[in-house]
Amino acid sequence: MAMTVGILGGGQLARMLVLAGAPLGVRFVVVDSAEDACAGQVAPLVRADWRDFAALEKFAQDIDVATFDFENVPAETAQWLTARTRVFPNPRALAIAQDRLAEKTLFGECGLGTPAFAAVDTREDLDVALREVGAPAILKTRRLGYDGKGQFRLKSTHDADAAWAALGGNAHGLILEAFVTFECEVSVIAVRAPNGDFRTWPLTRNWHADGILSASLAPAHVDDAIARAAFAHARTIAEKLDYVGVFALELFVHEDAVHGKELLGNEMAPRVHNSGHWTIEGAVTSQFENHVRAVLGLPLGYTAAIGRSCMLNWIGELPDANAILRESGAHWHDYGKSPRAGRKVGHATIRARDDATLADTLQRIGNALGRQAQVQAVIDALHARAA
Ligand code: AMP
């Protein structure tokens, strides 16, 4: 095939894209400013920052298409690249997904509800927004926030000064969102090809700790109507953005007396996503392979699940690999990164033929690693669906 995909950003997502594309005969070049970017262990690495246009010019000549492992590549850089090579997803989709305010506005235009929100640029705006949105609420930076960073939770209006002290004056502005007491968090991992072919993997249920994804379970056990609505929202958004490639749509499942059970849009990630890592072993075609296929205009692969899968994230440092490797159906992923607090350094996917086997395996792994807290919510969800 001898086609070359250029990836802006050289983290674990780029690394897994490379590993998925290699069997197809696809070559890769990765751009990252960090010398030790972990995708550089599996593909040629161009060391450059996002405004090093001399290096990017050469990069663009060497590739057939550019894509991203990192959504905060400046939209101007993405736009600049479109004059030199194909860029998927397109810079407009990237720009919208980079800005929480634009993203939530888009969700509304696509008929997807969101937590109540208001833009905040000044201290006075925060008071107005708190009156509009109510408390508890979360103040977030509009841009460059991820994994719970750039967020401040307000229990009541008395926390306004502290919230402003923490985030006020951010150059890109802020957004205040109502705090949703959700039943669960789910994500749609979806892929769209240049010819409009659109596919979703089974819905994934997610658990976060300290704002960082901790565990995912797929297929999630939610009402069929909720799953169908989630897929329909993802499709509407993808078509509106003329999106090409894989993206994730993160949703809260919320229930109250007024609205019944409903989906609220939290955010979209314009790239392969942590909550889709289970698809490497848990689906016929992984999110990584289908992203490579989509950006190259190849036919998309089948997205059905194989059995039940749970993905456990390793944050900060890796636990003992043997506790995973000795389990049948369990798969170990070490991203080749050095340990650092809050850093995603690896994950494991445990695949089983049924819920009971998956719950038993998770229990053994939780006990062996002393990580009962990480697995317990997943085990509870598996038992709840057996009941
Ligand atoms: P985010 O970076 O916006 O995805 O936030 C990280 C995590 O914080 C989410 O996955 C939720 O668990 C939680 N969170 C974010 N926004 C809200 C909200 N409006 N209401 C309740 N929880 C939230």
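Summary of the structure given here. If you're wondering where the values come from, they're calculated on a predicted model, not measured in any experiment. Throughout, a residue's number is its position along its own chain's written sequence, starting from 1. Side-chain atom pairs in this predicted model are given and counted only at pLDDT of 80 or more, local residue features only at pLDDT of at least 70, and totals for whole chains, interfaces and linings cover all residues. Note that the side-chain values use all heavy atoms of the structure and ignore hydrogens as well as water.

Under the DSSP-based scheme used, a helix requires at least four consecutive residues in state H or I and a strand at least two consecutive residues in state E, with every element numbered from the N terminus. To estimate the expected span of a helix, subtract one from its residue number and multiply by 1.5 Å. Between the first and last C-alpha of helix α13 (residues 372–386) there are 20 Å, a value that for 15 residues agrees with the 21 Å anticipated at 1.5 Å per step. Burial classes follow relative accessibility: with a 1.4 Å probe on protein chains only, a residue under 20% of its type's maximum area counts as buried, one over 50% as exposed, and anything between as partly exposed. The set of residues buried in α13 consists of Q374, V375, V378, I379, A381, L382 and R385. Buried residues along α13 cover an arc of 155° about the axis, so they all sit on one side. Projecting away from the buried face of α13 at angles above 90 degrees are the exposed residues A373 and A384. Contacts are residue-level and defined by heavy atoms, with any inter-residue pair within 4.5 Å sufficient. The inward-facing, buried residues of α13 abut β12 (204–209), β13 (212–218), β16 (308–315) and α12 (355–369). Think of it as the arc spanned by the lines of direction from the helix axis to the C-beta atoms.

Any cysteine sulfur atom paired with another within 2.5 Å is treated as part of a disulfide. All told, the structure shown has 0 disulfides when counted by the stated rule. You can see C310 has no disulfide; the closest cysteine sulfur is in C184, sitting 15 Å from it.

Let's shift gears to the packing of helix α6 (residues 123–133) against helix α7 (residues 160–167). Working note: a packed helix pair is described by the angle between its axes plus the distance between those axes. Close contact between α6 and α7 brings their axes to 11 Å; oriented N to C, the two are set at 135°. In terms of orientation, α6 and α7 fall into the oblique class. At the point where α6 passes α7, the crossing takes the right-handed sense. Only A160, D161 and W164 of α7 make contact with α6, whose side of the interface consists of R123, L126, D127 and L130. Angular values range over 0 to 180 degrees, each being the angle between N-to-C directions of two axes fitted as lines to C-alpha atoms, with helices fitted over their stretch in contact. Angle categories: roughly parallel below 35 degrees, roughly antiparallel above 145, roughly perpendicular from 65 to 115, and oblique for all the rest. Handedness of each helix crossing follows the sense of rotation of the near helix against the far helix: counterclockwise by less than a right angle gives left-handed, clockwise gives right-handed.

Moving on to the pairing of strand β1 (residues 4–8). Of all 5 residues in β1, 5 are buried, a share of seventy percent or more. Covered by surrounding structure in β1 are T4, G6 and L8 together with V5 and I7, the residues of both alternating faces. When DSSP finds two or more bridges between two strands, those strands count as paired. Both β1 and strand β2 (residues 27–32) contribute to a ladder of 5 bridges, which runs parallel. By the bridge assignment, G6 is partnered in β2 with V29. Taken together, β1, helix α1 (residues 12–21) and β2 constitute a β-α-β crossover, and its handedness is right-handed. Note that β1 and strand β4 (residues 65–68) share 4 bridges and pair parallel. Across the sheet, L8 pairs through a bridge with F68, a residue of β4. Orient the strands so they point away from the viewer, and a crossover whose first-strand-to-second-strand path over the helix runs clockwise is right-handed.

Glancing now at the pattern of salt bridges. Whenever Lys or Arg places a side-chain nitrogen within 4 Å of a carboxyl oxygen from Asp or Glu, that contact is recorded as a salt bridge. By the definition in use, this model includes 21 salt bridges. Among the ionic pairs, R271 bridges to E71, the shortest N-O distance being 2.6 Å. Taken together, the positions of R271 in the loop between β15 (260–269) and α9 (279–282) and E71 in the loop between β4 and α3 (75–82) put the pair 200 residues apart, joining distant regions of the chain. Accessibility expressed as a relative area gives 14% for R271, which makes it buried. Taken together, the shared-partner salt bridges connect K104, K140 and E177 into one network.

This part takes up the site of the ligand. Each residue is tested against the molecule or strand, and it is near if at least one of its non-hydrogen atoms lies within 4 Å. Neighbouring the ligand are 18 residues, the closest being R100, K140, V180, E185 and E267. Two N or O atoms count as a polar contact when they lie within 3.5 Å, although within protein this holds only if one can serve as hydrogen donor and the other as acceptor, and sequence-adjacent residues are included solely when both atoms are side-chain atoms. Within the side chain of K140, a nitrogen or oxygen atom sits 2.7 Å from an oxygen atom of the ligand. Between a nitrogen atom of the ligand and a side-chain N or O atom of E177, the distance comes to 3.1 Å. Relative to its unbound accessible surface of 470 Å², the ligand loses 96% to contact with the protein. Every element with two or more residues in the shell around the ligand is listed here: β7 (137–141), β8 (151–154), β9 (174–178), β14 (245–256) and β15. Note that Gly is not counted as nonpolar here; it falls among the polar residues with everything else outside the nonpolar set of Ala, Val, Leu, Ile, Met, Phe, Trp, Tyr, Cys and Pro and the charged set of Asp, Glu, Lys and Arg. Among the residues making up the shell around the ligand, the classes are represented as 7 nonpolar, 4 polar and 7 charged. Note on areas: Shrake-Rupley with a 1.4 Å probe; residue coverage comes only from the protein chains shown.

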